[in-house]
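Here's the letter readout for the chains.
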Amino acid sequence: MAALDPGALVAQIEAAMTAKVGQDVTALEGFASEQLNQIAQEAATIAAGALDGSITGDNQTFLLGNLAEETRSFVNTLAGLAVVSAEEVWNAAVGVIWAAINKATGLALTVP
Amino acid sequence: MRRARKVMAACAVTLALGGCQTMLAAAYDPTIATALSTANSDIQALFVSIGTDAPVSTFGARKPAYDHIIAELDAVLIEIKARPIPNPEVLAKVNQALEAVHVGGITVDPDFSSYPSARSVADMVKVLTQMENADQQAGLHKELIPGFEQPVITYLTQAITYENFLKR
């Protein structure tokens, strides 16, 4: 049975959380960048359609309103992805803590 | 030494509270992911058939595709919403924390959904319905085609990205 080294445990927790956050931040940044580019392109398309007369009347009204909804839905999705990421980071930390306790105590406790 | 005591206190609290691994979002469902992938293929096929110009005279040939795609999206929407949300109280607190760090305004958005992919799919159906109506009335021409295609792609990306992210 080994003593639990708090300093080493902190480093392990930080490493596990940083690794998970790092992966997720990369994924979320890529998603956000792509979405914002798409939304900007849509705005340009609507403007071009207004100028050449192909996007007018009800279609123009609908697409402009939808552009606002696209942005809100993007934020909703980003928040949802952040929640999943927070869950993964939390569980990574809990997993490291439990492994350290098991090693120190010689018990085989499972994470509830 | 003070930091070590804080770590031990945190461990003690974690143990006292159950130290549980937790789920803050719905479980990954491969059937939903597959259904969205299938819908994506069908949507791409529709836009390929539309090309750069779709005369109203050929709308009849496209109508079955519209009907099929909207029906399959309505079906996957029900499946998305049928999943239970784990720990709704914890989820509410997490959403408040996100708003506090400037992922702003989400809890005051009346259409905010704990199922982001459901919102994206529902929005996609609205766009495709409007697009079908426009196509039926006058065909699809010039900027109106990307005008509809781009938001469909944006919503598809949101839904597929979120559902795949649930695979953890």
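Described in the following lines is the structure provided in the data block. Computed from a prediction, not measured in an experiment: that's the story for all the values here.

1. Re the interface of chain B and chain A
Move 1: On the side of chain A, 52 residues touch chain B, which itself brings 53 residues to the contact.
Move 2: Between chain B and chain A, roughly 4300 Å² of surface is buried when both sides are summed, and carbon and sulfur atoms account for 64% of that area.
Move 3: Remark: the boundary between chain B and chain A carries 2 salt bridges.
Move 4: Of the charged contacts in the structure, one is a salt bridge between B:R119 and A:E69, with a shortest N-O distance of 2.8 Å.
Move 5: In this assembly, chain B and chain A are joined by 16 residue pairs in polar contact (both at pLDDT 80 or more).
Move 6: Within the residue set of the side of chain B that touches chain A, elements represented by two or more residues are α1 (2–16), α4 (88–100), α5 (116–138) and α6 (144–165) of chain B.

2. Observations concerning the pattern of salt bridges
Move 1: A full pass over the atoms with the stated rule returns 7 salt bridges over all chains.
Move 2: Salt bridges linked by common partners bring A:E69, A:R72 and B:R119 together as one network.

3. Describing unusual backbone geometry
Residues and elements named next belong to chain B.
Move 1: The phi dihedral of K142 falls on the positive side, at around 45°, and the residue is not glycine.
Move 2: For K142, the position within the fold is in the loop between β2 (140–141) and α6.
Move 3: A relative accessible area of 54% places K142 in the exposed class.

4. Concerning the nonpolar core
Move 1: In terms of nonpolar packing, the biggest core is built from 48 residues, with B:I50, B:V121, B:M124, B:L128, B:M131 and B:L140 touching the most fellow members.
Move 2: If you list the elements that add at least two residues to this core, you get α1 (6–52) and α2 (57–105) of chain A together with α2 (30–50), α3 (59–82), α5 and α6 of chain B.
Move 3: It is α6(B) that provides the largest number of residues to this core, a total of 9 residues.
Move 4: What B:M124 contacts, discounting residues up to four positions off in sequence, is B:I43, B:L73, B:V152, B:Y155 and B:L156.
Move 5: Listed in part, the 9 residues of the second largest apolar core include A:I13, A:A93, A:V96 and A:I101.

5. Focus on the environment of B:G147
Move 1: Mapped onto the fold, B:G147 is located in helix α6.
Move 2: For B:G147, a relative accessible area of 0% gives the class buried.
Move 3: In sequence terms B:G147 and B:M131 are 16 residues apart; their C-alpha atoms lie 9.3 Å from each other.
Move 4: Excluding residues within four positions of it along the chain, B:G147 makes contact with A:E42, A:T45, A:I55 and A:L63.

6. Some thoughts on α2(B)
An α-helical turn contains 3.6 residues, so any two residues separated by three or four positions project in the same direction.
All names here are of chain B.
Move 1: For α2, with 21 residues, the first-to-last C-alpha span of 30 Å sits near the 30 Å given by 1.5 Å per residue.
Move 2: Residues of α2 that are buried: I32, A33, L36, A39, I43, L46, F47 and I50. Each buried residue of α2 lies within a common arc of 140° when the element is viewed along its axis, so the set occupies one face.
Move 3: Contacts from the buried residues of α2 go to β1 (53–54), α3, α5, β2 and α6.
Move 4: Remark: G51 follows α2 within two positions and exhibits a positive phi of approximately 65°.

7. Focus: the packing of α2(A) against α6(B)
Move 1: At a minimum axis separation of 10 Å, α2(A) and α6(B) run at an interaxial angle of 15°. Considering the angle they form, α2(A) stands roughly parallel to α6(B). The crossing of α2(A) and α6(B) is left-handed.
Move 2: Among the residues forming the contact of α2(A) with α6(B), the class breakdown is 11 nonpolar, 10 polar and 2 charged.

8. Quick word on the packing of aromatic side chains
All names here are of chain A.
Move 1: One pass over the full model with this rule turns up 2 aromatic pairs over all chains.
Move 2: With a centroid separation of 5.9 Å and an interplanar angle of 40°, the aromatic rings of F31 and F74 are classed as tilted. With F31 in helix α1 and F74 in helix α2, this residue pair connects regions lying 43 residues apart in the sequence.
Move 3: Given the relative accessible area of 4%, F31 is considered buried.
Move 4: Under the relative-accessibility criterion, F74 is labelled buried at 7%.

Calculation rules
Residues numbered from 1 in each chain as written. Chains lettered and ligands numbered in written order. Predicted model: local features only at pLDDT ≥ 70, side-chain atom pairs only at ≥ 80, totals over all residues. Heavy atoms only, no water. Contact = heavy atoms within 4.5 Å. Buried area = accessible area lost by both parts, 1.4 Å probe. Salt bridge = Lys/Arg side-chain N within 4 Å of Asp/Glu carboxyl O. Polar contact = N/O pair within 3.5 Å; in protein donor to acceptor, adjacent residues only side chain to side chain. Helix = DSSP H or I, 4+ residues; strand = E, 2+ residues; numbered from the N terminus. Buried < 20%, exposed > 50% of the residue type's maximum accessible area, 1.4 Å probe, protein only. Core = buried A, V, L, I, M, F, W, Y, C linked by side-chain atoms within 4.5 Å. Expected span 1.5 Å × (residues − 1). Arc of directions from axis to C-beta. Axes fitted to C-alpha atoms, helices over the stretch in contact; angles between N-to-C directions. Parallel < 35°, antiparallel > 145°, perpendicular 65-115°, else oblique. Left-handed = near helix turned anticlockwise from the far one by under 90°. Nonpolar A, V, L, I, M, F, W, Y, C, P; charged D, E, K, R; others polar. Phe/Tyr/Trp six-rings, centres within 6.5 Å; stacked < 30°, edge-to-face > 60°.

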